[in-house]
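Each chain, letter by letter, is given below.
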Amino acid sequence: ILDGSLMFQQLPLVEIDGMKMVQTRAILSYIAGKYNLYGKDLKERAFIDMYVEGITDLMHMIMMFPFSPPEAKEKNLALIMERATHRYFPVFEKALKQHGQDFLVGNRVSWADVQLIEAILAVEEKTPAVLLGFPQLQAFKTRMSNMPAIKKFLQPGSPRKPPPDDHYVATVLKVLTD
Amino acid sequence: MSGKPKLHYFNGRGRMESIRWLLAAAGVEFEECFLETRDDLLKLLKSGALLFQQVPMVEIDGIKMVQTRAIGNYIAAKYNLYGKDLKERALIDMYVEAIIDLDELFMSHPFQPADKKEQHLANIVDKATNRHFPVYEKVLKDHGQDFLVGNQLSRADVQLLEALLMAEECKPDILAKFPLLQSFKARISNVPTIKKFLQPGSQRKPPPQEKDLPKVLKIFN
């Protein structure tokens, strides 16, 4: 904070292409735009954005879960599962079924596909059988996991971070609170 | 069937207001379909029009768009309010995301319980004057241009003006220490499309009132 690197005094911060970027969505949009993961036109972007925003809402619940007080944990977990299986997964199951393509938008991999595989794996960490009613998502998960770059990221030793544990929670609280 | 975008939300600011601002700034006429009762929302849900069962929803160019940011991104890009390249977009996105954080504070203020209001206001004022406003004051000072990014009107300017006006509704002298933001406010308010939107009779919604809260809660619960 003191050396002025954090525009709004917050993390994440990503130094990329000479910029000190903050604000998660801004960073993600830039990466998606730069590396061709953002569709080919405005309408494909619109669908990618809608899907990403929905998934982000779900991921936000999962992200906040370790920080919920012990007495709220069971209720929050139930809500995550309810939202995943009734609000979010059905949308993507239907999208894949309707167009029959391998990817959510525009017949090629986009930011939406990457966020979805991340979300599916995060929810499965909480409830392993969650994809039982979603055959399209099961196939999607297998397909995405086998894409070379993603397959590499899913292997041990990659920068991918493990599920949050008590040590992680303690560190975050220590760094971010006075 | 008109070609105008159609906004589905309740008759108040909430999460739809920034969309109204963007459309107005772009000079785009739009229609509004207000949710007045819980039945209105249920009808919309049953029709399958809400991708994630939520509003805001905007019918635009044949798509029923949901998710405030997705809608904002689409409008900004379509009407040239999103910069000229990836780097300008990046700056616009950073500014807009932070403004959204600030907006959420302003939006929740009228709904704070009476005993928490004063502390909440103090928190808003602290964040606005110590975390957010200095950033934009410095940006304007450093490049000396009329607009935040790329020397032309963008979504960042529109959203910042919206936030500045909301801030003043909470505390009228909140811009006292920010001369460049004051002149920015005057300048952007004079952009013809925005000037029109700021006049009485436009589709801009008034500040939320505590008395409206029960009605809104009834629709959404």
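In this text the structure is predicted, and so the values were computed from the model without any measurement. (Residues numbered from 1 in each chain as written. Chains lettered and ligands numbered in written order. Predicted model: local features only at pLDDT ≥ 70, side-chain atom pairs only at ≥ 80, totals over all residues. Heavy atoms only, no water.)

Chemist: It is not clear to me how the UniProt feature "domain: GST N-terminal" (unreviewed entry) in chain A should be interpreted in this structure. Could you clarify?
Modeler: In the numbering adopted here, UniProt assigns the feature "domain: GST N-terminal" (unreviewed entry) to residues 1-39 of chain A. Along residues 1-39 of chain A the backbone is 28% helical and 21% strand, and the end-to-end C-alpha distance reaches 35 Å. (UniProt positions renumbered as here; feature names shortened; annotations may be inferred. Helix = DSSP H or I, 4+ residues; strand = E, 2+ residues; numbered from the N terminus.)

Chemist: Would you take a moment to explain the domain arrangement of chain B for this structure?
Modeler: By a widespread convention, an interface's size corresponds to the accessible area lost as its parts come together. All names here are of chain B. With domains assigned, chain B is organised as domain 1 (6-79 + 198-211) and domain 2 (86-190). Contact between domain 1 and domain 2 buries roughly 1600 Å² in total, counting both sides, with carbon and sulfur atoms accounting for 58%. Counting the contacts that link domain 1 with domain 2 gives four salt bridges. A salt bridge links E104 to R15; the nearest nitrogen and oxygen atoms lie 3.0 Å apart. On inspection of domain 1 and its partner domain 2, the count reaches four residue pairs in polar contact (both at pLDDT 80 or more). Contributing elements (two or more residues each) for the side of domain 1 that touches domain 2: α1 (17-25) and α3 (68-78). Of the residues that constitute the side of domain 1 that touches domain 2, the class distribution is seven nonpolar, five polar and six charged. (Domains from an automatic or database assignment. Buried area = accessible area lost by both parts, 1.4 Å probe. Salt bridge = Lys/Arg side-chain N within 4 Å of Asp/Glu carboxyl O. Polar contact = N/O pair within 3.5 Å; in protein donor to acceptor, adjacent residues only side chain to side chain. Nonpolar A, V, L, I, M, F, W, Y, C, P; charged D, E, K, R; others polar.)

Chemist: Got a minute to help me understand the pairing of strand β3 (residues 57-60) of chain B in this structure?
Modeler: A regular strand places its side chains so that they alternate between the two faces of the sheet. All names here are of chain B. With three bridges joining them, strand β1 (residues 6-9) and β3 adopt antiparallel strand pairing. Each bridged residue has a counterpart across the sheet, and for K6 the counterpart in β3 is E59. Relative to strand β4 (residues 63-66), β3 runs antiparallel, the two being bridged by four bridges. When the sheet's bridge partners are listed, V58 is paired in β4 with M65. What sits between the antiparallel neighbours β3 and β4 is a turn of two residues, in which D61 has the positive phi angle 50°. (Pairing = 2+ DSSP bridges.)

Chemist: I would appreciate a short explanation of the packing of helix α4 (residues 111-126) of chain A against helix α5 (residues 135-145) of chain A in the present structure.
Modeler: The relative placement of two packed helices is expressed as an angle between their axes plus a distance between the axes. Residue and element names in this part refer to chain A. Closest axis-to-axis distance for the α4/α5 pair is 10 Å, and the angle between their directions is 110°. One finds that α4 runs roughly perpendicular with respect to α5. Considering the relative orientation of α4 and α5, their crossing is left-handed. For the pair α4 and α5, the contacting residues are D113, V114, L116, I117, I120, L121 and E124 in the first and L137, F140, K141, M144 and S145 in the second. Split into classes, the residues belonging to the contact of α4 with α5 amount to eight nonpolar, one polar and three charged. (Axes fitted to C-alpha atoms, helices over the stretch in contact; angles between N-to-C directions. Parallel < 35°, antiparallel > 145°, perpendicular 65-115°, else oblique. Left-handed = near helix turned anticlockwise from the far one by under 90°. Contact = heavy atoms within 4.5 Å.)

Chemist: Would you mind going over the confidence of the model for chain B with me for this structure?
Modeler: Close inspection of predicted coordinates is inappropriate for parts of the model with low pLDDT. Confidence in the prediction for chain B averages 94 pLDDT; 99% of positions are at 70 or higher. Model confidence for the complex: the whole-complex pTM is 0.94, and ipTM, which rates the interface, is 0.92. (pLDDT = per-residue confidence, 0-100.)

Chemist: What's the story with the UniProt feature "domain: GST C-terminal" (unreviewed entry) in chain A in this structure? I'm lost.
Modeler: When the UniProt feature table is mapped to this numbering, "domain: GST C-terminal" (unreviewed entry) covers residues 41-165 of chain A. Within the segment residues 41-165 of chain A, helix and strand shares are 66% and 0% respectively, and the terminal C-alpha atoms sit 41 Å apart.

Chemist: Looking at this structure, I do not really get the interface of chain B and chain A. What am I missing?
Modeler: Every contact between the two is made by 31 residues of chain B and, on the other side, 33 residues of chain A. Between chain B and chain A, a total of about 2900 Å² is buried, with carbon and sulfur atoms accounting for 65% of that surface. Considering only the surface of chain B that becomes buried against chain A, F52, M94 and R131 of chain B emerge as the three largest contributors, covering 23% of it. Here chain B and chain A share two salt bridges between them. One salt bridge in this structure joins E53 of chain A and R69 of chain B, with 3.9 Å as the shortest N-O distance. Seen at the junction of chain B and chain A, the total is nine residue pairs in polar contact (both at pLDDT 80 or more). Breaking the side of chain B that touches chain A down by element, the ones donating at least two residues are β4, α3, α4 (86-108) and α5 (114-143) of chain B. With 10 residues, the top contributor of residues to the side of chain B that touches chain A is α4 of chain B.

Chemist: Just to check I follow, could you spell out the domain arrangement of chain A for this structure?
Modeler: Residues and elements named next belong to chain A. In terms of domains, chain A is made up of domain 1 (1-35) and domain 2 (38-154). Listed by partner, the interface residues are five residues for domain 1 and five residues for domain 2. Both faces considered, domain 1 and domain 2 share a buried interface measuring about 460 Å² in area, 57% of it formed by carbon and sulfur atoms. There are one salt bridge connecting domain 1 and domain 2. Put simply, domain 1 and domain 2 have one residue pair in polar contact (both at pLDDT 80 or more) between them. When grouped by side-chain class, the residues that make up the side of domain 1 that touches domain 2 number two nonpolar, two polar and one charged.

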